[in-house]
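# An overview of the molecular structure
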Amino acid sequence: MPIVTFLRGVNVGGHRTFRPSLLANQLSHFGALNIGAAGTFVIRKPVSQALLRSELLKRLPFHAEVMMCTGRELIAATSINPFDGEPLRDGIVHFVSILTKRPRAFPSIPFCIPNSGRWFVRILSRHGRFVFGCYRREMKVLGHLGSMDKLFGVPGTIRNWNTISQVLKILEQT
């Protein structure tokens, strides 16, 4: 089963920039496919996660946190239809947060950030170490998304649902 890798905090606002397509080419011996510009890769050939992590970090021009999961884990997490009944609306983005590991405790779900007044982030559901939600497309949301590490007690990285959908299509083909 393929491995899906997610780099955290790269190519954001001109900070820690690199070209994911070049990295995918450097990892072509693992069957690496680049998805988007945020450091999401599907690794189609068998390789241990430890070796893959080492190879990724060795080739990046800076240190980055790497979250990995098997394609099977991602398919299982998304099979719950996490956005069922949540309409797509202008200015609202559906996302998945991939946590480094399953947290010991989770807040009661669903919940909003902030928990009173106008929400900027809504957490809808979770499956293991995958958290599904939506956020408003506004500058203020960045601080609220950043607070999720503290809420869950472990670091995570966020991907737009469109990116995850592209990954799922690739996984279906492998």
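What comes next is a walk through the structure. (Residues numbered from 1 in each chain as written. Predicted model: local features only at pLDDT ≥ 70, side-chain atom pairs only at ≥ 80, totals over all residues. Heavy atoms only, no water.)

Attention now goes to the nonpolar core. One broad rule of soluble globular proteins: the nonpolar side chains tend to lie buried together. If you look at the biggest cluster of nonpolar residues, it comprises 23 residues, and the most contacted ones within it are Leu 74 and Phe 130. Contributions of two or more residues to this core are made by strand E1 (3-8), strand E4 (65-70), helix H3 (71-78), strand E5 (92-99), strand E8 (130-136) and helix H6 (161-173). Ranked by residue count, the leading element in this core is H6, at 6 residues. Setting aside chain neighbours within four positions, we find Leu 74 in contact with Val 4, Cys 69, Phe 130, Ile 164, Val 167, Leu 168 and Leu 171. (Core = buried A, V, L, I, M, F, W, Y, C linked by side-chain atoms within 4.5 Å. Buried < 20%, exposed > 50% of the residue type's maximum accessible area, 1.4 Å probe, protein only. Helix = DSSP H or I, 4+ residues; strand = E, 2+ residues; numbered from the N terminus. Contact = heavy atoms within 4.5 Å.)

Residues in a regular strand point their side chains to alternate faces of the sheet. With 7 of its 7 residues buried, E8 lies for the most part within the structure. Where burial is concerned, the two faces of E8 agree: the one with Phe 130, Phe 132, Cys 134 and Arg 136 and the one with Val 131, Gly 133 and Tyr 135 are both buried. Strand direction decides the pairing type here: E5 and E8, joined by 7 bridges, are antiparallel. If you follow Val 93 over to E8, its bridge partner there is Tyr 135. Sheet topology places strand E7 (residues 121-127) next to E8; 6 bridges connect them, and they run antiparallel. Note that in E8 the partner of Val 121 across the bridge is Tyr 135. Hairpin connection of E7 to E8: 2 residues between the antiparallel strands, including Gly 128 at a positive phi of 60°. (Pairing = 2+ DSSP bridges.)

Right, let's talk about the pattern of salt bridges for a bit. According to the stated counting rule, one finds 7 salt bridges in the structure shown. Put simply, Glu 65 and Arg 8 hold a salt bridge, and the shortest N to O gap is 3.6 Å. Placement of Glu 65 in strand E4 and of Arg 8 in strand E1 is noted, with a sequence separation of 57 residues between them. Overall, Glu 65 belongs to the partly exposed group, its relative accessible area being 33%. Look at the salt bridges and you will find they share partners, linking Arg 8, Glu 65 and Asp 149 into a network. (Salt bridge = Lys/Arg side-chain N within 4 Å of Asp/Glu carboxyl O.)

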